[in-house]
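Structural overview
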Amino acid sequence: MRHLIGIEDLSVAEIEDLIATAEDIIANPDKYSKVAAGKKLATLFYEPSTRTRLSFEAAMMELGGNVLGFSEAQSSSAAKGESVSDTAKVISCFADIMVMRHFKEGAPMVASMNASVPVINAGDGGHNHPTQTLTDLLTIKCEKGRLTDLTVGLCGDLKFGRTVHSLITALSRYTGIRFVLISPAELTLPEYVKSEVLDRRGIEYVETTSLDESLPELDILYMTRVQRERFFNEQDYIRLKDSYILTVDKLSLAKPDLCIMHPLPRVNEISVGVDADSRACYFKQVLYGKYIRMALIKMLLEEAAK
Amino acid sequence: MTVDEIKNGVVIDHIKAGQAMEIYKFLGLDKFDCTVAIIKNAQSRRMGKKDIIKIDSDVVPDLSVLGYIDHNLTVNIIKDGANVSKYHPELPLEIVDIVKCKNPRCITSTEQELSHVFKLTDREHSVYRCIYCESKAKN
């Protein structure tokens, strides 16, 4: 049974196939409106995530399928102490595919080891969030026309930001990628991502604390939120949360074709005034997320039927 | 001090001094109903001091974990009093329930029935990572 737990589960060729399918869905939505007819998607969300859950539900509905599930642990059998393994076996009896978000790292993998239907990881704590990465890749492909030869700035919380780690892993498989890692000293990219991904693959990168100095050279600026839930110490969160704020004034330093991305929700790291700038791509990114999830659900359902 | 040679079994040599009991535990030798000799702080030209374990048994325990503990030690397989095989253990690709994942955010911290499985992710630096949360194994 094929699952999607981490972005490395997909080869570059498979990611390109998914992107091609998503682009075709964007161009010809009617062609895909019945590919999941009669199928059910279960959304098992042990922690709240309006955006990701609704994106998956919308994706399944647009493929002609149905959805069922829960949106918080308290309204699930987890509140009675059921294990993830047991829940995966039970849900396999009701649904054709399941999507799991869980606060514990590795929970979707445990589900995949026990489920008899495909499992998609929709975020496991600070660990993996592969469909966000697929969303980011589709956004870059659609907005820049390529996934190669790009200078990519990643700004904010690079330590706990799982979207950043996954995106770096995914983009490192393409040629001509250069990363500019912009963060406060306390939130730099973990050593293991540098040694096991960037250094091992010979990817060029620089680390800096200055967004202003980095802006002129960037093709992509990926802003992230400093997440309160990743800190054990509230004071550290308060001290670091406003480290970087992208404003309209700062954008005057950037290239005219810069693509500004953000996994959302934002707090105040991007001023609302930036939204009107044509370089702001973060709301389009949400829409791309639905299309790539449609492509992914289609692929996994087809693989499961083989 | 003299410890008799064994007829059939395993001699694990060149163990770092003081590490023999750890290996005894990892191999589950307390559960074996055979003679086991643990020699601590033996003289070694190469290491100064070393530990040695001799297991006198026709049934050889699963030795794959030895590579994880120290791939520089030497394993001698003894049959009918002769040394039939001598090798340095390789790093195992996977270790199961040898070390526990210490990441409090890992699913293994709450679901007690799960095996603690680590995979070799960096052979050069002997790095093992939890298959669930990818945290590095720590002894």
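Counting restarts for each chain, with residues numbered from 1 along the sequence as it is written. Here every chain gets a letter starting at A, and every ligand a number starting at 1, in the order they are written. Where totals are concerned, whole chains, interfaces and linings use all residues; where local detail is concerned, this predicted model gives features only for residues with pLDDT of at least 70, and gives and counts side-chain atom pairs only at 80 or more. By convention in this description, side-chain values take in all heavy atoms of the structure and omit both hydrogens and water.

A word on the overall build of chain A
Our working definition: Think of it this way: any DSSP run of H or I at least four residues long counts as a helix, any run of E at least two long counts as a strand, and we number them from the N terminus. Every radius of gyration here is taken over C-alpha atoms, with the globule rule written as 2.2 Å times N^0.38, N being the number of residues. The contact criterion used throughout is that any non-hydrogen atoms of two residues lie within 4.5 Å. Here the Shrake-Rupley method, with its probe set to 1.4 Å, supplies the accessible areas, and only the displayed protein chains count as covering residues. Positive charge is attributed to Lys and Arg, negative charge to Asp and Glu, and no charge count is given to His or to the chain ends. Where a charge sits is defined by one atom per residue type, namely NZ (Lys), CZ (Arg), CG (Asp) or CD (Glu).
Summing up its helical and strand segments, chain A has eleven helices and nine strands in all. In terms of overall dimensions, chain A is globule-like: its C-alpha atoms have a radius of gyration of 19 Å, near the 19 Å expected for 306 residues. Oriented by its inertia axes, the alpha-carbon framework of chain A measures out at about 55 × 45 × 40 Å. Across chain A, every contact between residues at least 6 apart in sequence was considered, and the portion connecting residues at least 24 apart equals 73%. Split by element, the accessible area of chain A, about 12300 Å² in all, is 51% carbon and sulfur. If you average the places of the 35 positive and of the 42 negative side-chain charges in chain A, the two averages end up 4 Å apart.

Let's talk about the packing of helix H2 (residues 50–62) of chain A against helix H11 (residues 282–305) of chain A
All names here are of chain A. Our working definition: A fitted line through C-alpha atoms serves as each axis, taken over the contacting stretch for helices, and the angle formed by two N-to-C directions is quoted from 0 to 180°. Any angle from 65 to 115 degrees is called roughly perpendicular, while one under 35 is roughly parallel, one over 145 is roughly antiparallel, and all others are oblique. When the near helix sits turned anticlockwise from the far one by under a right angle, the crossing is termed left-handed; a clockwise turn instead gives a right-handed crossing.
Across the interface, H2 lies against H11 with an axial gap of 8 Å and an inter-helix angle of 55°. By the angle between their directions, the pair H2 and H11 is classed as oblique. In this structure, H2 crosses over H11, and the sense of that crossing is right-handed. Contacts between H2 and H11 involve Arg51, Thr52, Ser55, Phe56, Ala58, Ala59, Met60 and Glu62 from the first element and Val286, Gly289, Lys290, Arg293, Met294, Ile297 and Leu301 from the second.

Looking at the nonpolar core
Residue and element names in this part refer to chain A. To keep it simple, the criterion reads: Each nonpolar core is a collection of buried residues, namely Ala, Val, Leu, Ile, Met, Phe, Trp, Tyr and Cys, held together in the definition by side-chain atoms within 4.5 Å. With a 1.4 Å probe rolled over the protein chains alone, any residue whose accessible area is under 20% of its type maximum counts as buried; one over 50% counts as exposed, and the rest are partly exposed. Throughout the structure description, domain borders are defined by an automatic or database domain assignment.
The biggest cluster of nonpolar side chains holds 58 residues, and the ones touching the most others in it are Leu134, Leu154, Ile168, Leu171, Phe179 and Ile297. Per-element tally for this core: the top contributor is H11, with ten residues. When we break this core down by domain, the ones giving at least three residues each are domain 1 (7–128 + 287–305) and domain 2 (131–285). If we ignore the near neighbours within four places in the chain, the residues touching Leu154 are Val164, Leu167, Ile168, Phe179, Val180, Leu181, Ile182 and Tyr222.

As for the domain arrangement of chain A
All names here are of chain A. Stated formally: Summed over both partners, buried area is the accessible surface (1.4 Å probe) that two parts give up on being assembled. Salt bridges are defined by distance alone: a side-chain nitrogen of Lys or Arg within 4 Å of a carboxyl oxygen of Asp or Glu. Any N or O atom pair separated by 3.5 Å or less is treated as a polar contact, with the protein-specific requirement of one donor-capable and one acceptor-capable atom, and with residues adjacent in sequence counted only for side-chain atom pairs. Asp, Glu, Lys and Arg are counted as charged, while Ala, Val, Leu, Ile, Met, Phe, Trp, Tyr, Cys and Pro are counted as nonpolar; the rest, among them Gly, fall into the polar class.
According to the domain assignment, chain A contains domain 1 (7–128 + 287–305) and domain 2 (131–285). The centre of domain 1, based on its C-alpha atoms, is set 25 Å off from the matching centre of domain 2. Across the contact, 29 residues belong to domain 1 and 26 residues belong to domain 2. A combined buried area of about 2200 Å² lies between domain 1 and domain 2, and 60% of that area is made up of carbon and sulfur atoms. Looking only at domain 1, the three residues that lose the most surface to domain 2 are Ile7, Arg51 and Tyr288, adding up to 30% of its buried area. Where Lys141 meets Glu23, a salt bridge forms, and the shortest distance between an N and an O atom there is 3.4 Å. There are ten residue pairs in polar contact (both at pLDDT 80 or more) connecting domain 1 and domain 2. Looking at the side of domain 1 that touches domain 2, the elements that each hand over two or more residues are helix H1 (12–27), H2, strand E4 (119–124) and H11. Along the lines of polarity and charge, the residues of the side of domain 1 that touches domain 2 split into 14 nonpolar, eight polar and seven charged.

Comments concerning empty space enclosed by the protein
Residues and elements named next belong to chain A. Going by this rule: The rule is simple: put a 1 Å grid over the protein atoms alone, call a set of points where a 1.4 Å probe fits but cannot get out a cavity, call an open set with protein on both sides within 12 Å along at least five of seven lines a pocket, and count a residue as lining if it has an atom within 4 Å of a point. Grid points are joined across faces, edges and corners, and a volume is the space filled by probe spheres set on the points.
Scanning the entire structure with this criterion turns up two cavities of 30 Å³ or more. Taken as a whole, the largest cavity encloses approximately 50 Å³ of empty space. Around the largest cavity, the lining residues are Cys155, Gly156, Asp157, Met223, Thr224, Val226, Leu240, Lys241, Ser243, Tyr244 and Glu269. Taken together, the residues that form the lining of the largest cavity break down as five nonpolar, three polar and three charged. Considering only enclosed or pocket space, the second largest cavity measures out at about 30 Å³ in volume.

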